[in-house]
Amino acid sequence: QKEKTCILFLMVKFYFLPVMTGFVFNNWQNMMFHWNQFGDKVNVHDLLLGSTFPFILALFFLIDTSYFVFGYSVEYPAARNEVRSVEPTFFGWFIALICYPPFNNGVANNYLIWSAQGGAASFENSIFASYVLQITALFLVWIYLWATLALGPRCSNLTNRGIVSWGPYKYVRHPAYICKALGWFLTSIPFLLITDRLFLAIFSLAGWATVYFFRALTEERHLIADPDYQEYCKKVQWRFIPYIF
């Protein structure tokens, strides 16, 4: 069993370490791109909506992906991130890998269009609504990043490296997934208001939300074999939204 876990974790590293390293460089480039735009903005609205918000968003994702690079690179007793088990099922791997390149590119291009606008989301006719949209989106991404910071050196997909019950995990079992999904829906609103493919866009958002719902279910099916996770589920009963979902 230990040898099987080691082999599976090597497969996890082989795939995710290059992917996350690429994300780090992309997020750094995006952050510096918006940093260099600060001097080109002539009014406060362009500065905030066109540079500041996207810069903060890229910074958050840079920190997030850097933690995951460390998590995939280092397994050390002092870091308390030794691998206890690795996702054993094909479906668990499938539903995780479909969320990352190159697999998600084919899905997004051929089946589920990508309507979330991220740091570029804004309303053409309402600056106030654009501010509300961007600030709420940044708040959701902050909770997403908070979940990563709570994991610390345990950051890793498809693995059990010890159960985390602090930070946002004190309130719900999957804070990162729900905040990511809500952020997608939120920053898709401007796209949905102007697109002539409204039904397809809504179907796509529902499709990606379903994918992440099944990621949560497969992770729990994997982790529930750990007695620590069984105790954690007794204390934290809500998967996504406290007292609601």
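Residues numbered from 1 in each chain as written. Predicted model: local features only at pLDDT ≥ 70, side-chain atom pairs only at ≥ 80, totals over all residues. Heavy atoms only, no water.

J.: Which parts of the structure should I look at to understand the packing of aromatic side chains?
T.: Aromatic rings in a pair are described by how distant their centres are and how their planes are angled relative to each other. Across all of its chains, the model carries 20 aromatic pairs by this definition. Geometrically, the ring pair formed by Tyr 15 and Phe 16 is edge-to-face, given 4.8 Å between the ring centres and 85° between the ring planes. We note that Tyr 15, like Phe 16, is buried. Between Trp 35 and Phe 38, the aromatic rings sit 5.5 Å apart at their centres with planes inclined by 75°, giving edge-to-face as the arrangement. Take Trp 35: its relative accessible area is 47%, and that puts it in the partly exposed class. On the basis of relative accessibility, which here comes to 23%, the residue Phe 38 falls in the partly exposed class. Among the aromatic residues, those joined into a ring-pair cluster are Tyr 15, Phe 16, Phe 68, Tyr 72, Tyr 100 and Phe 103. (Phe/Tyr/Trp six-rings, centres within 6.5 Å; stacked < 30°, edge-to-face > 60°. Buried < 20%, exposed > 50% of the residue type's maximum accessible area, 1.4 Å probe, protein only.)

J.: Help me understand the nonpolar core in this model?
T.: Nonpolar side chains in soluble globular proteins generally cluster together in the buried interior. Of all hydrophobic cores here, the largest spans 62 residues; its most connected members are Val 12, Phe 16, Val 86, Trp 93, Tyr 100, Tyr 169 and Val 211. Going through the elements one at a time, α1 (2-37), α2 (44-73), α3 (90-97), α5 (127-151), α6 (175-187), α7 (189-194), α8 (198-223) and α9 (227-235) are the ones with two or more residues in this core. Counting residues per element, this core draws most heavily on α1, which supplies nine residues. If you look at the next biggest cluster of nonpolar residues, it comprises eight residues, including Leu 57, Phe 60, Leu 138 and Val 141. (Core = buried A, V, L, I, M, F, W, Y, C linked by side-chain atoms within 4.5 Å. Helix = DSSP H or I, 4+ residues; strand = E, 2+ residues; numbered from the N terminus.)

J.: What should I look at first to understand the environment of Trp 35 in this one?
T.: As for its position among the elements, Trp 35 is in helix α1. With 183 residues separating them in the primary sequence, Trp 35 and Thr 218 have C-alpha atoms 39 Å apart.

J.: Mind showing me how you'd approach the packing of α6 against α8 here?
T.: Relative placement of two packed helices is described by the angle separating their axes and the distance separating the axes. Contact geometry for α6 and α8: axes closest at 10 Å, N-to-C directions at 180°. One element, α6, and the other, α8, form an angle in the roughly antiparallel class. Listed contacts from α8 to Tyr 177, Lys 180, Trp 184 and Phe 185 of α6 are Leu 205, Ala 206, Trp 208, Ala 209, Tyr 212, Arg 215, Ala 216 and Glu 219. For the contact of α6 with α8, a count of residues per class yields nine nonpolar, no polar and three charged. (Axes fitted to C-alpha atoms, helices over the stretch in contact; angles between N-to-C directions. Parallel < 35°, antiparallel > 145°, perpendicular 65-115°, else oblique. Contact = heavy atoms within 4.5 Å. Nonpolar A, V, L, I, M, F, W, Y, C, P; charged D, E, K, R; others polar.)

J.: It is not clear to me how the side chain of His 222 should be interpreted in this structure. Could you clarify?
T.: In this structure, His 222 sits in helix α8. Accessibility expressed as a relative area gives 11% for His 222, which makes it buried. Side-chain polar atoms of His 222 contact the side chain of Ser 85, separated by 2.7 Å. Sequence-distant contacts of His 222, that is, excluding residues within four places in its chain, are made with Ser 85, Val 86, Glu 87, Pro 88, Leu 158, Thr 159 and Asn 160. (Polar contact = N/O pair within 3.5 Å; in protein donor to acceptor, adjacent residues only side chain to side chain.)

J.: Would you take a moment to explain α2 for this structure?
T.: Owing to its 3.6 residues per turn, the α-helix aligns residues three or four sequence positions apart on the same side. Taking 1.5 Å of rise per residue, the 30 residues of α2 would be expected to cover 44 Å, and the 41 Å separating its terminal C-alpha atoms lies within 8% of that figure. The axis of α2 is deflected most strongly, by about 30°, at Thr 52, and proline Pro 54 appears within four residues downstream. Sitting at the amino-terminal end of α2 is Asn 43, which places a side-chain oxygen 3.0 Å from the backbone nitrogen of His 45. (Expected span 1.5 Å × (residues − 1). Bend = angle between axes of the 7 residues up to and from the residue.)

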